[in-house]
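# Working through the structure, step by step
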Amino acid sequence: VNVVQIGDSHIQADFLSGTVRQNIQEDFGNAGRGLIVPGRVAHTNEAYNIVTSSSSKWDSKRLVFTDQPLPIGIGGVTISTQAPNASLSIKTLNYPPLDYSFDRLTLFYQKDFTSYNFSVKDSVNQDLAFIGPFTFEQYPNISKVFLPRPKNEIIIQALAPTPAQTQATIFGVSLENGKKG
């Protein structure tokens, strides 16, 4: 069973939904934090147990602002950049007894031949995995990677190996740990 709660800023800030998720995870198991969007990078609020940041310039779109030209993705918030070395830092905060470290992630992004490749790095800048628009999974705009060990913090670094790759547009990230829950 997957639980999806759809709502507005109260869900985005994870007030009630965070308490419900924690209670369900304490009773049935913690399979991971699940879907997150880079709220702070998009200049909006984000859940209390997620910290996203970037020193790069990202354009953003929120579902409530329909006049912005970016596409909108699964989480209702989109970030996009044309900076070839842009990075996005994602950190999960544990709330004992819940550990939100993750060893797999699903990146939801605009996946075409103009999209940058990505390197997934740990907090000391060591490469853990690579994601590229030339890897075609069963579904469009999704890439899944498995990390060698659980992490609470990663950096997603854009890479532009060809001149045709000119942008990175991210819709969200699902953080999971492979456990039941």
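What comes next is a walk through the structure. (Residues numbered from 1 in each chain as written. Predicted model: local features only at pLDDT ≥ 70, side-chain atom pairs only at ≥ 80, totals over all residues. Heavy atoms only, no water.)

## Topic: the overall build of the protein chain
Short version of the rule: Strands here are runs of E lasting at least two residues and helices are runs of H or I lasting at least four, both read from the DSSP assignment and numbered beginning at the N terminus. Contact between two residues is taken to exist if any of their heavy atoms lie within 4.5 Å; hydrogens are not considered. What sets the accessible areas is the Shrake-Rupley method with a 1.4 Å probe; for residues, cover comes only from the shown protein chains.
Along the protein chain, the regular secondary structure elements total two helices and 11 strands. Counting from the amino terminus, helix and strand elements in the protein chain follow one another as α-α-β-β-β-β-β-β-β-β-β-β-β. Projected onto its principal axes, the C-alpha positions of the protein chain cover 50 × 40 × 30 Å. Counting only contacts in the protein chain whose residues sit at least 6 apart along the sequence, the fraction spanning at least 24 positions is 72%. Of the roughly 9700 Å² of accessible surface on the protein chain, a fraction of 57% belongs to carbon and sulfur atoms.

## Comments concerning the pairing of strand E7 (residues 117-121)
Along any regular strand the residues' side chains alternate between the sheet's two faces. The following threshold applies: For each residue, the accessible area found with a 1.4 Å probe, counting protein chains only, is set against the maximum for its type, and the residue is called buried under 20%, exposed over 50%, and partly exposed in between. When DSSP finds two or more bridges between a pair of strands, those strands are recorded as paired.
E7 sits mainly inside the fold: five of its five residues count as buried. Burial of E7 is two-sided: the residues Asn117, Ser119 and Lys121 facing one way and the residues Phe118 and Val120 facing the other way are all buried. As paired elements, E7 and strand E8 (residues 127-131) share four bridges and run antiparallel to each other. Of the residues in E8, the one forming a bridge with lysine 121 is aspartate 127. Linking E7 back to E8 in an antiparallel pair, the connection comprises five residues, with asparagine 125 at a positive phi of about 70 degrees.

## Some remarks on helix H2 (residues 15-28)
Note the following rule: What a helix should span is 1.5 Å times the count of its residues minus one. Here, the arc refers to the directions that run from the helix axis to the C-beta atoms.
Compared with an ideal rise of 1.5 Å per residue, which puts 14 residues at 20 Å, H2 spans 20 Å between its outermost C-alpha atoms and is within 8% of the ideal. Turning to H2, its buried residues are Ser17, Gly18, Arg21, Gln22 and Gln25. Viewed end-on, H2 has its buried residues packed into an arc of 135 degrees, placing them on one side of the element. Facing away from the buried side of H2 by more than 90 degrees, the exposed set consists of Phe15, Leu16 and Asp27.

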